[in-house]
Amino acid sequence: MEPGTRQDTESTLPEGLGQAIRETAGDIAALLRAAADTTVPVPGSQWTLGEAAAHLAQANELMADLAAGFERPYGDGTPQSLAEANERALAVFGERDAQPLATMIEEQAGVFLDAVARSAADGTADRTLGTPLGPMDQAVLASYLLTHMLGHGYDLARALGRPHMINRVRVGLCLPFLLVAMERVADAAATAGLTARYTLRLRGGSAFGVTFNDGAVDVTPEPLNRPDCTILTEPITFLLMALGRRDPLRAMARGQVLAWGRKPWLAPRFPTLFTAP
């Protein structure tokens, strides 16, 4: 099979991840192609629909370049530097029309997956890649791409009053990136002096552990034994909280987040320990 074909690409990534990237890009493109006005505001953001779509198109192109092994410096990994890099990039990219941006978002997702397929063919699939949030392997970068598209796709859907494209399966595919990113976006001031052990469970899905030890953060892909606090979250709510799109206290009030353990009062503090990039 020729490198770059769908089956070849998806066989080099965790099951379902390549398909989720293609389909999410397609879902976002369909939203944009139905948009009559790209000057409408994105709720909770300073961007318009056109600006958010332009950022997403640029980000997909950036991710495709990274997957191909190119170096693309983009901030220093801190939320402030990433926001500044986003604004600089938007300032020199004038496209705000829905149709060309929809095409670019979809095409660059495909270019990303083609780069993944080529790396499998030439034996470089296990290399470490530089990203805006530090070094990652190819599978984590693909999870990063999906997570980023879902976050901004959710914003575009809200701006247009349309259903979003986040589902339980796609949230599960975001976890490899989120587990890596959590250690890198922990708020040093908020975690200073804290010693606590959390197990995070997604309802009907995965579980993982997060340990804080006086500013040091350790994330493990398995639940902890005898955690201080176990937090059970509805999967879509978990992703939206992780991306700063859902208020944790409101989610708790609605029963979308439950907590128990020796120190259940630690649960409301957990989301405050990180800064969404």
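Residues numbered from 1 in each chain as written. Predicted model: local features only at pLDDT ≥ 70, side-chain atom pairs only at ≥ 80, totals over all residues. Heavy atoms only, no water.

Draft legend 1. Examining the overall build of the protein more closely. In terms of helices and strands, the protein carries 10 helices and five strands. Relative to its length of 277 residues, the protein is compact, with a C-alpha radius of gyration of 19 Å against a globular reference of 19 Å. Principal-axis analysis of the C-alpha atoms gives the protein an extent of 55 × 45 × 35 Å. Counting all 277 residues of the protein, 48% fall into the buried class. Intrachain contacts of the protein at a sequence separation of at least 6 include 71% that bridge at least 24 residues. Working note: accessible area of the protein is about 12,800 Å², and carbon and sulfur atoms make up 51% of it. On the protein, the mean spot of the 24 positive side-chain charges and the mean spot of the 31 negative ones are 10 Å from each other. (Helix = DSSP H or I, 4+ residues; strand = E, 2+ residues; numbered from the N terminus. Rg over C-alpha atoms; globule rule 2.2 N^0.38 Å. Buried < 20%, exposed > 50% of the residue type's maximum accessible area, 1.4 Å probe, protein only. Contact = heavy atoms within 4.5 Å. Areas by Shrake-Rupley, 256 points an atom, 1.4 Å probe, with all protein chains shown as cover. Lys, Arg positive; Asp, Glu negative; His and termini not counted. Charge placed at Lys NZ, Arg CZ, Asp CG, Glu CD.)

Draft legend 2. A look at the pattern of salt bridges. Under the criterion given, the structure shown has six salt bridges. Arginine 170 is the partner of glutamate 23 in a salt bridge, and the nearest nitrogen-oxygen pair spans 3.7 Å. On the criterion of sequence distance, the pair formed by glutamate 23 in helix H2 (residues 17-33) and arginine 170 in helix H7 (residues 168-184) is long-range, its members being 147 residues apart. With relative accessibility at 38%, the residue glutamate 23 sits in the partly exposed group. By relative accessible area, which is 7% here, arginine 170 ends up buried. (Salt bridge = Lys/Arg side-chain N within 4 Å of Asp/Glu carboxyl O.)

Draft legend 3. View of the nonpolar core. Counting residues in hydrophobic clusters, the biggest one holds 90 residues, and the most contacted among them are Ile21, Phe112, Tyr198 and Val210. Here this core gets 12 residues from one element, more than from any other, and that element is helix H6 (residues 138-160). Ignoring any residue separated from it by four or fewer positions in sequence, one finds phenylalanine 112 in contact with Ile21, Met63, Ala64, Ala67, Leu141, Ala142 and Leu145. (Core = buried A, V, L, I, M, F, W, Y, C linked by side-chain atoms within 4.5 Å.)

Draft legend 4. Looking closely at the side chain of histidine 55. Relative to the elements of secondary structure, histidine 55 occurs in helix H3 (residues 49-67). Classification of histidine 55 by relative accessible area gives buried; the value is 5%. The contacts of histidine 55, once residues within four sequence positions are left out, are Trp47, Asn86, Leu90, His148 and His152.

Draft legend 5. Quick peek at the sheet that holds strand E4 (residues 229-233). Taken in spatial order, the five strands make up an open sheet running E3-E2-E1-E4-E5, and their pairing is mixed. Every interior strand has two partners, whereas the edge strands, strand E3 (216-220) and strand E5 (257-260), have only one. The mean angle between the axes of side-by-side strands here comes to 20°, regardless of whether they run parallel or antiparallel. For strand E1 (residues 195-202) and strand E2 (residues 207-213), the ladder comprises seven bridges, and the chain directions are antiparallel. The residue of E2 that forms the bridge with leucine 200 is phenylalanine 208. Along the sheet, H7 makes contact with E1, E2 and E3, crossing E3 at roughly 155°. Along the sheet, helix H9 (residues 235-242) makes contact with E1, E2, E4 and E5, crossing E4 at roughly 110°. (Pairing = 2+ DSSP bridges. Axes fitted to C-alpha atoms, helices over the stretch in contact; angles between N-to-C directions.)

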